[in-house]
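Residue strings, one per chain:
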Amino acid sequence: MNISKCRLIALLALVLSFSKTVFSQEVTKIRIDPASAYGGNVNDFFEKIEYIPLETNKESLFGDISRLIITDKSYIVYDWDTKSILFFATDGKFISRFKESENTQLDIFLDKQKEVVNLLIYNTVTEKTTLKLFTTDGKAIPASSKKAVDNNGEDFVPLGNNYYASFTNIHLGHGVVPKDSIYHRINIFKGDNLYKSLLPINQKDNLGICMLKGYFKKLRIVQDGSFFIALPLEHLVYKVNKDKAEKVYQFVFPADRTISRSYYSSNNVSVIDSIRKTLSQDQNIIMEVSNIFQKPPYLFFKINTSVYITQAGSESKNQYNFAYNLSTGQLISMERLTPDAANFYLPFLGQSARVNGLDYYSNHFYSSVSALKLFAEKEKNKDKSPQYPAVLEQFFQTQNRKSNPVIVKMKMKG
């Protein structure tokens, strides 16, 4: 074989190798126009909706659900206003409450494998983080692991088999000098030991990303040891497990709902600062996609803006929670589903769902609605003569607009 033929074969091999690499990196583009999402009646989408009032008494009264954990035994609520963690049985009966001092910031997550609730307590004065552990029915237990504390309170998400994911905040505040070094957006731990680091990024080379949105919204849903995470601003979705982060989807939104790549890929501080001030008050630009999970044929997700609209009706483009049918391409907005007789003409999404998204556990969706809103809608729809179940009849007879929020448990059709 002569030299020219050898070169030709080598060139073809290189081209084939490059093509294979490019092909393997291709991801499914999901084109989303939130303003054009379908609505419908609640009964079109959900098979069953239950309302579970959380018991209200002097000891259990709280303000709003900042974070909710669902287990087989309980509902666990974090209330930002009262700096409290509250445990309720699955029928809404109050179990216990743990309250911290005013100069603390709290966070909770569930280690599903161990059935242990982790409470992270960050003291804003000492800047130290402590860890407390509880059973899912509200009993304190000794803390045996220090990884959450050593990581200064970063959220550790259990993946199963003693593996955990943590997420690095690479955000650069105004005037903070970027570091010319590699950070990994996701770190996987096995027990207390670092197992693998994923999604590397250099602050100095990615000023736009780090100055505008250098962190992930808290992860809430893990399915079979893996989870979906979308890069802020870029909206590129990865499926992550303990061993790898694989590109799977690319969300493509209308141009007027996204920030131009020229801004978040820029390294010009003046240019980035000019858009940062605008974005901080913007109700329209989609900064990130979160709460992504699958229940075939749907991909569920939530879009996040810098400022939320508290009231979102069927005519509003400010929809936040969506179900995308991967087979048909149909997009459904949860906010555009209209209450009907199936859910007694009552609201099923509250402010928490608009900010944090829906919770999903054991084949059911969960949200919460304030007592104030439920009483208001009951009065508004009394002419429809809804047939309330016994638990709601008792709620409306014995409670008032200042009572605790009500958990909404929903099972999807199909």
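Details of the structure are given in the entry above.
Residues numbered from 1 in each chain as written. Predicted model: local features only at pLDDT ≥ 70, side-chain atom pairs only at ≥ 80, totals over all residues. Heavy atoms only, no water.

Chemist: How should I be thinking about the overall build of the protein chain in this particular structure?
Modeler: Regarding its fold elements, the protein chain presents nine helices and 25 strands. Counting only residues that meet the buried cut, the protein chain has 49% of its 414 residues in that class. Long-range pairs, those at least 24 residues apart, make up 57% of the contacts in the protein chain between residues at least 6 apart in sequence. (Helix = DSSP H or I, 4+ residues; strand = E, 2+ residues; numbered from the N terminus. Buried < 20%, exposed > 50% of the residue type's maximum accessible area, 1.4 Å probe, protein only. Contact = heavy atoms within 4.5 Å.)

Chemist: I tried to follow the pairing of strand S21 (residues 321-325) on my own but got confused; where do I start?
Modeler: Side-chain positions along a regular strand alternate between the two faces of the sheet. For S21, the buried fraction is high: five of the five residues fall into the buried class. Burial of the side chains of S21 extends over both faces: Asn321, Ala323 and Asn325 are buried on one face and Phe322 and Tyr324 on the other. Note that strand S20 (residues 298-304) and S21 share five bridges and pair antiparallel. Bridge pairing links lysine 302 to asparagine 321 in S21. Two strands pair when backbone bridges link them, and S21 and strand S22 (residues 331-338) are joined in this way by three bridges, in the antiparallel orientation. Bridge pairing links alanine 323 to isoleucine 332 in S22. What sits between the antiparallel neighbours S21 and S22 is a turn of five residues, in which glycine 329 has the positive phi angle 85°. (Pairing = 2+ DSSP bridges.)

Chemist: Whenever I open this one, the nonpolar core confuses me. Can you help?
Modeler: The tendency in soluble globular proteins is for nonpolar side chains to be buried as a group. Counting 33 residues, the largest nonpolar core has Phe45, Phe46, Tyr51, Phe300, Met334, Phe348 and Phe365 as its most contacted members. Contributions of two or more residues to this core are made by helix H2 (42-45), strand S3 (46-53), S20, S22, strand S24 (364-369), helix H8 (371-380), helix H9 (390-398) and strand S25 (406-412). In terms of residues, this core owes the most to one element, S25, which gives four residues. Beyond its immediate stretch of four places on either side in the chain, phenylalanine 300 contacts Phe45, Asn291, Ile292, Phe293, Lys295, Phe322, Ala323, Met334, Phe365 and Met412. (Core = buried A, V, L, I, M, F, W, Y, C linked by side-chain atoms within 4.5 Å.)

Chemist: What am I meant to see in the packing of aromatic side chains here?
Modeler: To describe a pair of aromatic rings, one takes the distance between the centres and the angle between the planes. Tallying each qualifying case throughout the model produces 30 aromatic pairs. Here tyrosine 298 and phenylalanine 300 contribute two aromatic rings whose centre-to-centre distance is 5.9 Å and whose plane-to-plane angle is 50°, an arrangement assigned as tilted. Seen in terms of ring centroids, phenylalanine 375 and phenylalanine 395 are 5.5 Å apart; in terms of plane orientation they differ by 40°. Their pairing is tilted. Here phenylalanine 375 is found in helix H8, whereas its partner phenylalanine 395 is found in helix H9, with 20 residues between them in sequence. In this structure phenylalanine 375 comes out as buried when scored by relative accessible area, which is 13%. Counting every residue linked through ring pairs, the aromatic cluster contains Phe45, Phe46, Phe293, Tyr298, Phe300, Phe348, Tyr360 and Phe365. Between the NZ or CZ atom of lysine 242 and the centre of the ring of tyrosine 163, over which it lies, the distance is 5.0 Å. (Phe/Tyr/Trp six-rings, centres within 6.5 Å; stacked < 30°, edge-to-face > 60°. Lys NZ or Arg CZ within 6 Å of the ring centre and 35° of its normal.)

Chemist: Would you mind going over the pattern of salt bridges with me for this structure?
Modeler: Two side chains that carry opposite charge are able to pair once their charged atoms sit near each other. Following the criterion strictly, the structure yields 10 salt bridges and no others. Arginine 276 serves as the salt-bridge partner of aspartate 273, at 2.8 Å between the closest nitrogen and oxygen. Taken together, the residues aspartate 273 and arginine 276, both in helix H6 (residues 269-279) and three residues apart, mark about one turn of the helix. The pair formed by aspartate 273 and arginine 276 is uniform in burial state, with each residue classed as buried. Each of Arg67, Asp107 and Lys218 takes part in one network of salt bridges that share partners. (Salt bridge = Lys/Arg side-chain N within 4 Å of Asp/Glu carboxyl O.)

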